[in-house]
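# Architecture at a glance
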Amino acid sequence: EPEVTQTPSHQVTQMGQEVILRCVPISNHLYFYWYRQILGQKVEFLVSFYNNEISEKSEIFDDQFSVERPDGSNFTLKIRSTKLEDSAMYFCASTKWDNTEAFFGQGTRLTVV
Amino acid sequence: AQSVTQPDIHITVSEGASLELRCNYSYGATPYLFWYVQSPGQGLQLLLKYFSGDTLVQGIKGFEAEFKRSQSSFNLRKPSVHWSDAAEYFCAVLRNQAGTALIFGKGTTLSVSS
């Protein structure tokens, strides 16, 4: 069964450093998403991406964040200068054209020290 | 703004007993509704979804959920819980427009006692 894959599974970075989280969505999906889950809190939407541009973003997704689909398979989330409060589990998701069912990756646990 | 409320933070159920996890949503029209499960260290797996039609929907792993418009609820049920059902359960709503995001509740942690 096709699945969304995320790398790495765990990343530790120093405050102020740039990180790039990588995702490979399901190949025939058209919408791509990043969500995050701070430990003990709910899953929060960050950004959605369609047709090579951001279609929606939350207030969390400020100028420190960016997304890119550099080739036909990868979908990346970049945090330019990490802060302690960016520590969270980051989930990538993708959906088909009808956007009715999101398939989630296993997540990347980002720890900022 | 749309919101999802899961009133129970933590529930403990005996193995073999029935389970009901509550979910209430706030949305002007009928939304698309989902239940996801997250096992420790795992991603989110879709249990079931409701878009329209029959208000009782069946999902994987023996779960079902009932949409009640009058109560703005979408409660998850299972007749007999297994120890492997211990996990975190999230209710979510999706506005029925392409490209919009899932809005999640805070989740309910299910523990199963023997």
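The structure reproduced in this document is the subject of the present report. (Residues numbered from 1 in each chain as written. Chains lettered and ligands numbered in written order. Predicted model: local features only at pLDDT ≥ 70, side-chain atom pairs only at ≥ 80, totals over all residues. Heavy atoms only, no water.)

## Describing the pairing of strand β2 (residues 10-14) of chain B
Residues in a regular strand project their side chains so that they alternate between the two faces of the sheet. Residue and element names in this part refer to chain B. Side-chain alternation along β2 places Ile11 and Val13 on a buried face and His10, Thr12 and Ser14 on a face that remains uncovered. One ladder, built from five bridges, connects β2 with strand β12 (residues 108-113); its direction is parallel. What sits directly across from serine 14, in β12, is serine 113. (Buried < 20%, exposed > 50% of the residue type's maximum accessible area, 1.4 Å probe, protein only. Helix = DSSP H or I, 4+ residues; strand = E, 2+ residues; numbered from the N terminus. Pairing = 2+ DSSP bridges.)

## Notes on the pairing of strand β9 (residues 88-95) of chain A
Residue and element names in this part refer to chain A. In terms of residue burial, β9 counts as a mostly covered element, since eight of its eight residues are buried. Residues Ala88, Tyr90, Cys92 and Ser94 line one face of β9 and the alternating positions Met89, Phe91, Ala93 and Thr95 line the opposite face, and both faces are buried. Bridge count for strand β4 (residues 31-37) against β9 is seven bridges, and the pairing is antiparallel. Of the residues in β9, the one forming a bridge with tyrosine 35 is phenylalanine 91. Note that β9 and strand β11 (residues 108-112) share three bridges and pair antiparallel. Paired with methionine 89 across the strands is arginine 109, a residue of β11. Sheet topology note: the β9/strand β10 (residues 103-104) ladder contains two bridges and is antiparallel. Of the residues in β10, the one forming a bridge with serine 94 is phenylalanine 103.

## Considerations on the interface of chain A and chain B
Listed by partner, the interface residues are 18 residues for chain A and 22 residues for chain B. For chain A, the biggest contributors to the area lost against chain B are A:Lys42, A:Thr100 and A:Phe104; these three give 28% of the whole. Across the contact surface, chain A and chain B share one salt bridge. For B:Lys49, the salt bridge identified is with A:Glu101, shortest N-O distance 2.9 Å. For the interface between chain A and chain B, the tally reads six residue pairs in polar contact (both at pLDDT 80 or more). (Contact = heavy atoms within 4.5 Å. Buried area = accessible area lost by both parts, 1.4 Å probe. Salt bridge = Lys/Arg side-chain N within 4 Å of Asp/Glu carboxyl O. Polar contact = N/O pair within 3.5 Å; in protein donor to acceptor, adjacent residues only side chain to side chain.)

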